[in-house]
Structure formats: C-alpha cells, structure tokens
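If you want the building blocks of each chain, they are given just below.
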Amino acid sequence: MAALFVAATVSAQDDKTEQKTEDEGFVFTTVKQIPITSIKDQHRSSTCWSFSTMAFFEAEILREKGLTVDLSEMYLVSNSMCERAELFVRLHGNATFAPGGAFADGIALLRNHGIVPQSAMPGIMYGEYPQDTLPVHKELDAVARAFLNPIVNGNMTRLTPSWKVAFRGIYDAYLGKCPEVFEYEGKKYTPQSFQQYLGLNPDDFVSITSFTHHPFYSQFAIEIEDNWRHSLSYNVPLNEFMDIIDNALNNGYTVAWGADVSEDGFTRDGIAVVPDAALSVQELGSDMAHWLKLPKADTRKQLTSKPLPEREITQLLRQQGFDNYETTDDHGMLIYGIARDQNGKEYYMVKNSWGKAGKYDGIWYVSKAFVRYKTINIVVNKKAIPSDISNRMGLK
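Residues numbered from 1 in each chain as written. Predicted model: local features only at pLDDT ≥ 70, side-chain atom pairs only at ≥ 80, totals over all residues. Heavy atoms only, no water.

Enquirer: Help me understand the overall build of the chain, please; the structure alone is not making it clear to me.
Expert: Within the chain one finds 13 helices and 13 strands. Looking at the chain residue by residue over its 396 residues, the buried ones come to 54%. A separation of at least 24 residues holds for 75% of the contacts in the chain among residues at least 6 apart in sequence. Of the roughly 17500 Å² of accessible surface on the chain, 50% is carried by carbon and sulfur atoms. (Helix = DSSP H or I, 4+ residues; strand = E, 2+ residues; numbered from the N terminus. Buried < 20%, exposed > 50% of the residue type's maximum accessible area, 1.4 Å probe, protein only. Contact = heavy atoms within 4.5 Å. Areas by Shrake-Rupley, 256 points an atom, 1.4 Å probe, with all protein chains shown as cover.)

Enquirer: So what exactly am I meant to see when it comes to empty space enclosed by the protein here?
Expert: Over the atoms rolls a probe the size of a water molecule, and in doing so it shows where empty space is left. With the rule as written, the count across this model stands at 2 cavities of 30 Å³ or more. Empty space within the largest cavity amounts to approximately 70 Å³. Surrounding the largest cavity, Lys40, Phe51, Ser52, Ala55, Gly332, Met333, Leu334, Lys351, Asn352 and Ser353 form its lining. For the lining of the largest cavity, the elements supplying multiple residues, two or more each, are helix H1 (48-65) and strand E10 (331-340). In this structure, the second largest cavity encloses a volume near 40 Å³. Taken together, Phe26, Val273, Pro275, Leu303, Lys306, Pro307, Leu308, Glu310, Lys345 and Tyr347 make up the full set of residues lining the second largest cavity. (1 Å grid on protein atoms, 1.4 Å probe; cavity = no way out; pocket = protein on both sides within 12 Å on 5 of 7 lines; lining within 4 Å. Points joined across faces, edges and corners; volume = space filled by probe spheres on them.)

Enquirer: What is the right way to look at the environment of Leu334 in this model?
Expert: Mapped onto the elements of the fold, Leu334 is located in strand E10. Classification of Leu334 by relative accessible area gives buried; the value is 0%. For the pair formed by Leu334 and Ile36, sequence separation is 298 residues and the distance between their alpha carbons is 9.4 Å. With near-sequence residues (within four places) excluded, Leu334 lies in contact with Ile36, Ala55, Phe56, Ala59, Thr254, Val255, Ala256, Met349, Val350 and Lys351.

Enquirer: Teacher, can you tell me more about the packing of aromatic side chains here?
Expert: Any two aromatic rings considered together are summarised by their centre-to-centre distance and by the angle between their planes. Counted under the stated rule, the structure contains 26 aromatic pairs. The interplanar angle of 5° and the centroid separation of 4.0 Å between the aromatic rings of Phe28 and Tyr365 together place this pair among those described as stacked. Of the two residues, Phe28 is situated in strand E2 (residues 26-33) and Tyr365 in strand E12 (residues 363-367); the sequence distance between them amounts to 337 residues. Just as Phe28 is buried, Tyr365 falls in that class too. Measuring from ring centre to ring centre gives 5.5 Å for Trp354 and Trp364, while their planes differ by 90°; the resulting arrangement is edge-to-face. On the criterion of sequence distance, the pair formed by Trp354 in the loop between strand E11 (346-351) and E12 and Trp364 in strand E12 is long-range, its members being 10 residues apart. Here the aromatic cluster, defined as three or more aromatic residues joined through ring pairs, consists of Phe88, Phe97, Phe147, Trp163, Phe167 and Tyr171. Taking the ring centre of Phe211 as reference, the NZ or CZ of Arg318 above it sits at 4.3 Å. The ring of Tyr373 is capped by Lys374, whose NZ or CZ atom sits 4.2 Å from the centre of that ring. (Phe/Tyr/Trp six-rings, centres within 6.5 Å; stacked < 30°, edge-to-face > 60°. Lys NZ or Arg CZ within 6 Å of the ring centre and 35° of its normal.)

Enquirer: Please explain the pattern of salt bridges as it appears in this structure.
Expert: Opposite charge on two side chains makes pairing possible when the charged atoms of those side chains draw close. Evaluation of the coordinates by the stated rule reveals 17 salt bridges. The salt bridge partner of Arg90 is Glu86, with a shortest N-O separation of 3.1 Å. Placement of the pair is Arg90 and Glu86 together in helix H2 (residues 73-90), with a separation of 4 residues, close to one helical turn. With relative accessibility at 56%, the residue Arg90 sits in the exposed group. (Salt bridge = Lys/Arg side-chain N within 4 Å of Asp/Glu carboxyl O.)

Enquirer: I keep staring at the nonpolar core and nothing clicks. Help me out?
Expert: In globular proteins that are soluble, nonpolar side chains generally tend to be buried together. If you look at the biggest cluster of nonpolar residues, it comprises 63 residues, and the most contacted ones within it are Phe57 and Phe167. With residues up to four places along the chain from it excluded, the contact list for Phe167 reads Met81, Cys82, Ala85, Phe97, Ala144, Phe147 and Leu148. Of all hydrophobic cores here, the second largest spans 42 residues; its members include Ile244, Val255, Val261 and Leu317. (Core = buried A, V, L, I, M, F, W, Y, C linked by side-chain atoms within 4.5 Å.)

Enquirer: What exactly am I supposed to notice about H2 here?
Expert: Compared with an ideal rise of 1.5 Å per residue, which puts 18 residues at 26 Å, H2 spans 26 Å between its outermost C-alpha atoms and is within 8% of the ideal. The buried count for H2 comes to 14 of 18 residues, which makes it a mostly enclosed element. The backbone nitrogen of Tyr75 lies 3.1 Å from a side-chain oxygen of the residue at the head of H2, namely Ser72. Directly beyond the C-terminal end of H2, a positive phi value near 55° is found at His92. (Expected span 1.5 Å × (residues − 1). Polar contact = N/O pair within 3.5 Å; in protein donor to acceptor, adjacent residues only side chain to side chain.)

Enquirer: Which parts of the structure should I look at to understand the packing of H2 against helix H3 (residues 103-113)?
Expert: The description of two helices packed together rests on the angle between their axes and the distance between the axes. Orientation of H2 relative to H3, taken along the N-to-C sense of each, is 90°, at an axis distance of 10 Å. Looking at the two axes, H2 sits roughly perpendicular to H3. Counted together, Tyr75, Leu76, Asn79, Ser80 and Glu83 of H2 and Asp105, Gly106, Leu109, Asn112 and His113 of H3 form the full contact between these two elements. Grouping the amino acids of the contact of H2 with H3 by side-chain chemistry returns 3 nonpolar, 5 polar and 2 charged. (Axes fitted to C-alpha atoms, helices over the stretch in contact; angles between N-to-C directions. Parallel < 35°, antiparallel > 145°, perpendicular 65-115°, else oblique. Nonpolar A, V, L, I, M, F, W, Y, C, P; charged D, E, K, R; others polar.)

Enquirer: Explanation requested: the pairing of E11 in the structure shown.
Expert: If a strand is regular, its side chains alternate between the two faces of the sheet. Buried residues dominate E11, accounting for 5 of its 6 residues. Where E10 meets E11, 6 bridges bridge the pair, whose relative direction is antiparallel. Note on E11: the bridge partner recorded for Ile335 is Val350. Taking the residues between adjacent antiparallel strands as the criterion, E10 and E11 are bridged by 5 residues, where Gly344 takes a positive phi near 90°. Bridge analysis of E11 against E12 gives 5 bridges, and the strand direction is antiparallel. Of the residues in E12, the one forming a bridge with Met349 is Tyr365. (Pairing = 2+ DSSP bridges.)

Pasting the structure below:
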C-alpha cells in the first residue's frame, strides 16, 4: 500500500511513558517495549514490504548484537523486481508484476543476495530533482512495466538474455547500482560478508498465519498476489497465533506484521480498532436516528474517538473476511511493544513506515481484536515461538 505521508525520522518512545490524545480520548501506558531503530518513510512508493522487513532485521540485529544499523530498503527492491520480472517473462505475462511484495521476499533476498547498509545504496537517483530525498516510484513503476509488456505480448518466438541486462538498467538508473563491494565504518564488505557480520540467518525466521481453508500445523502458500514466490507459511489456530505474538514480545522479539489497513477502524492518526457499532452507539449516548444521519467520515471519527466496545473476533469471522475479499493484503509494519489504554485493555505498539505520521509520530496503537481479524501473516524468529506450539508446527 503506497503511503502519502512526508515526514522526518523519529526515535521510538521511551519505556513506561504515557501517550495522550485529547480530542480522541485515548491514554496509553507502555507495558512492554522492545528497542527498535528509527522510523523510516516509504513516501510515494509501494514498497512497505521492504521497509517493514528491514525494520524487523534491524531490530533483530539490535537485539542480538546491540548494533544500530540502517539497512538499504532499495537494495531489496532492486533485486526483488529483477527476479520478479524474470518470472513474469518466464510465465509469458501470466503472473502479477507490481512493486508490492511480502516478508518472504526479504528473507529470500537475504539468502540469495546478502544485505547492504543505507549508506551503500540510498536508492535515490533522480538527477535534476535533488528535492526528492525520499522514494518516488510512480515513474519507475510505469517504465518497468512498459518495458516488459512488448516482451510478453509481442508474439516473440525467441528471447535473448539481453533483456535482463536492459531491465536491470532501469532500476540502476532510478535506484542506483547494487554494490558488489562497499565500505562501512572503515572496513570493506560484500553484501554476503556484511550479512555474516550482522549475524542475520534467514533460517531463523518463519512466516505464520491462521486460516481454516488449510489444515492447522501444515504449511501453505497464502493466496495473495504479492506472494508471487509462493512462499510457505505455517498455519496455526487463531488463539495460538496470538500466543506466538505475545510470547515473542514478552521475550524481547519483535514481530513483522502484514495486515489489511483499509478498514475504517485503521485511522490515519495512530489508532487501529474493530468497533462494535451497536454497542458503541449506546456508549456514545447517540440515538440511532442521529447516528444514521452522520456522514461516514463523522461516523468513523466517533467510533475511533476513544476506547469503545469492539467486535468479538472468532476464527470463523476471520476466515469469512479473507474469503469475501474484505481482508486484503495491504501493508507491512513492525509490532514491537504492548500498551494499555485507560481502561486496562491491551494494544500492540506498531512501527509504521509513513514517517512522522499520525498523533504518535509514526507509531500506531493496534487493538488485539484488529490483529486477530485483519492480519495476513507474521514473521518471527523461531526461537520466539512457545515450545509446545513449535513442536506441533514441526519446527526444528
């Protein structure tokens, strides 16, 4: 999901602090907060998957080695789009080609291409437009797709390898060349040796989801367009899915979170909830006739104005949302903490990639009901999974 916010980088909030929004009526107290790196801004690019994956990797490095590293999102994007183009052509255009992606892309690219710091590949090569210091990819996306169209639709009987070199040149022009050797803090690295220095092992990370159209404790490729690699996720019951998130956070691990953010309950002011409209009307003290006359925007504002009753999210309701196209693959973020509102209800603290957006400077407070309902998948370090669940999953 492309973000439309422009903002500067900010630091994570201090532990045990309160966050209050007078006009929305939420007061949050931090319960658990895991150290994270600074908030980034994906700006006008559809590359949330790379920003959230890098946020997860950076938090893993901080947890494991105590190093604060700013990793290059565009190194992932360039390599991923070239691999995706090759598959698109190999399938004669009978696949999706778009800048969106999934956490699995970041893990596969870590394995295949290593990783580089932001300083080695900033990813901004816009020539005479120096004011663009953040990603702006509308033109890049259009040029890349236009390049591929005549190849897959041109009734060609034979292709040369040259198209791959030419296609790579598009991303080199817009994002810069992927470095083969670079210097970082006075030492020279390759992407592979830098990965080893950071201690990132792709085998440590697993994707987990919870749906009933596949057996629990099996693996399957989630049926979303951005899962173009057909990467597998472990399938567990919803309560265990939530237990994994809580166990990870309580033991110092962050969680990469892929979710649907198109719901009215996901505001642009840092709140994500699943309000129960009927119960909320009663609590807000509005008569139904008045409520029905409100414009949709005002209805949404009232339902997210303060802590209100939320819908009970069951496994069935979650499945129906996915099956009916109501739950879609929109956005990737990072869960890094737990907070409580003034009524004692717990929320997850989420690092977004929309810069200093919303009333909490780039942080979202997401109710557990929202996560139960609208999550597509998560990625965690397999060490963060409770042992009994891990055993049922067959993890080694």
